[in-house]
Amino acid sequence: MTSTLDAATTPTVPAQRPRAPKIVPNARPVLRFRSSRSDLILCGVLLAAIMVVQGWNIADYPTLSDDEGTYLAQAWAVQQGKGLAHYTYWYDHPPLGWIQIAVLTWIPAHLSPSLMTVGSMRVAMLLISAISAVLVYVLARRLSLPQWAAGLAMVLFGLSPLSVVLQREIFLDNIAVMWTLLAFCLAASPSRHLWHHFGAGIAAAAAVLTKETMLVILPALMVTMWRHGHRDTRKFALTGAITACVLIGMAYPLFALLKGELFPGGGHVSLWDGITYQMSRPGSGFILDRGTGSYGVLQSWLYYDRVLPLGGLAGALLLLVTWRWSVTARALAGPALTVAILALVALRPSGYLPAMYVIQALPFLALVLAGGTASVAHAVLRRRRSDEEKAYVTWGRRGLAAVLVVAAGAYVVPRWYDGDHTAVTADANAPYRAASSWLKTEVEDPKDTRVLVDDALWLDLVHDGYRPGLGVIWFYKADLDPAVTKTMPRGWKDLDYVVASPTVRRDAVDLPNVKAAIEHSTPVATFGVGEDRIEIRRIQTVGGSR
């Protein structure tokens, strides 16, 4: 028997109106940088200008620093398979930073070992600067800034004379900033994929393992991730990001544990001692007190540029004040919080403030300054504007905006021109090159000569035939490294030369062997004048040389 459906008993079937689809408003349009031709063109043009200014004359300005030479010498040690440092690695910083430098400089060093000097190797930092500049633009767009404001952020970050000087130098901070910006870009991803947030955690861990000071920025990254995550998945996303960051970050103490160097002990360095040293470094005073070291560092930043540091702080303050009313302020909560955290750390009354500290703040100062400018532009041109607005009011708005643009340009352009013109024309490293040349040509037996130098010259002399480590000696090690001091039973009398650069003269006060070497030596060659001069001094011992 076949069952059948009952026939309809009603003569007509009422029409069924389909239910209207539920419309979910998309309040945050997805920004696709790679598919936006106008964004690509604008970003590409600005990037080309930034690379020209940052790359031109990069080897000759600014003056070579001991820190640059140290990181490059440690990268050289990694390349040569000599360990994590050119002397005993003592956990001063996580090693990931100079491992990346070793990768960056491997190709030119392989093609021409003579290029393994600080000045010429600065070219490798251009790649870091380029990636960071693009990430600033991408982050600005993902934080809903208009194209012109994103371009302004990129210009502020890449062309400020302060940025040009500091981003040229081989500092770990520059590499860590690149990873931090990548983490922020992933945290603000419009796609809101979970793997983006996992990626943000991994990038944040890479930033911290490159320069440990990036740790203080992580709360601002979490705020950005929370604000830009989907409400249904943000808890999972945040948990995943934190888990990825912690697990990767634990690789550093695990490395020390496996080497038996996690805690202090007899005859070896330790991670604990390294952290203790960094946390107990003598303070440089309150940043606003004249005469303190921190005040001098602040003045050195303002010497190069006042627009980005002071304008960025003003932009962050503006965004915080207008939090309740401004969409831009809420979108830029992460960068504004980053600036606030870094400013509070710098304002510690007894904290230590190094000159490169401002590097980690530069992209966020640029973002909040551009965001603040966008807020002001919106207030002038659009706030409380209606269709019935009178024409003279509209033209008044435009006129006021034009006046503000002209005034800002009149203040900024001449100052930036002077700073960037100096960066692309000055030669601050002629004394270092001359000293290196003299030690290469005038010393008869480099292999059997012992000379104290700062690390800016260390690699040059290694390539010129001096023995790395105990022949050419990083001057700090003559007093602080037992592996070196035990080869100097007679102290300064076991040395032949000391190269008295500004860094060596400054720090010799606290280094007995270095101080004695300078006091018991006479200049045989001097390059440069004044405080920036470099003296090559021959050690004078009773009865002649050692």
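Residues numbered from 1 in each chain as written. Predicted model: local features only at pLDDT ≥ 70, side-chain atom pairs only at ≥ 80, totals over all residues. Heavy atoms only, no water.

### A closer look at helix α16 (residues 307-321)
Phase 1: Spanning 15 residues, α16 covers 20 Å between terminal C-alpha atoms, matching the ideal 21 Å at 1.5 Å per step.
Phase 2: Taken together, the buried positions of α16 are occupied by Val307, Leu308, Pro309, Gly312, Gly315, Ala316 and Leu319. (Helix = DSSP H or I, 4+ residues; strand = E, 2+ residues; numbered from the N terminus. Expected span 1.5 Å × (residues − 1). Buried < 20%, exposed > 50% of the residue type's maximum accessible area, 1.4 Å probe, protein only.)

### Considering the environment of leucine 159
Phase 1: Among the secondary structure elements, leucine 159 is positioned in helix α7 (residues 147-159).
Phase 2: Counting along the chain gives 105 residues from leucine 159 to glutamine 54, while the straight-line C-alpha distance between them is 7.8 Å.
Phase 3: In contact with leucine 159, other than residues within four places in its own chain, are Ala49, Ile50, Val53, Val164, Trp416 and Asp420. (Contact = heavy atoms within 4.5 Å.)

### Section: the sheet that holds strand β5 (residues 534-539)
Phase 1: Read across the open sheet, the 5 strands follow the order β2-β1-β3-β5-β4; overall the sheet is mixed. Every other strand in the sheet has two partners, leaving β2 (472-474) and β4 (521-527) as the edge strands with one partner each. Direction aside, the axes of adjacent strands within the sheet are offset by 25° on average.
Phase 2: Bridge analysis of strand β3 (residues 497-500) against β5 gives 4 bridges, and the strand direction is antiparallel. Bridging from a neighbouring strand, alanine 500 pairs with glutamate 535 of β5.
Phase 3: Contacting β1 (451-453), β2 and β3, helix α22 (residues 455-463) crosses the sheet at an angle of about 160° to β2. (Pairing = 2+ DSSP bridges. Axes fitted to C-alpha atoms, helices over the stretch in contact; angles between N-to-C directions.)

### What to know about the nonpolar core
Phase 1: Ranked by internal contacts, the top residues of the largest apolar core, which has 146 residues, are Ile101, Leu452, Trp458 and Val514.
Phase 2: Among the elements that take part in this core, helix α9 (residues 172-187) stands out by supplying 11 residues, more than any other.
Phase 3: With residues near it in sequence (within four places) discarded, tryptophan 458 still touches Ala73, Trp76, His86, Tyr87, Val453, Pro468, Gly469, Val472, Ile473 and Trp474. (Core = buried A, V, L, I, M, F, W, Y, C linked by side-chain atoms within 4.5 Å.)

### Considerations on the packing of aromatic side chains
Phase 1: In the structure shown here, the tally under the stated rule is 12 aromatic pairs.
Phase 2: An aromatic cluster of three or more residues is present, and its members are Tyr89, Tyr91, Trp98, Tyr252 and Phe255.
Phase 3: The positively charged end of arginine 398 is found above the aromatic ring belonging to tryptophan 395, 4.8 Å away from the centroid.
Phase 4: Geometry around tyrosine 411 places arginine 415 over its ring, the cationic atom sitting 3.9 Å from the centre. (Phe/Tyr/Trp six-rings, centres within 6.5 Å; stacked < 30°, edge-to-face > 60°. Lys NZ or Arg CZ within 6 Å of the ring centre and 35° of its normal.)

Read these as geometric descriptors, not functional statements.
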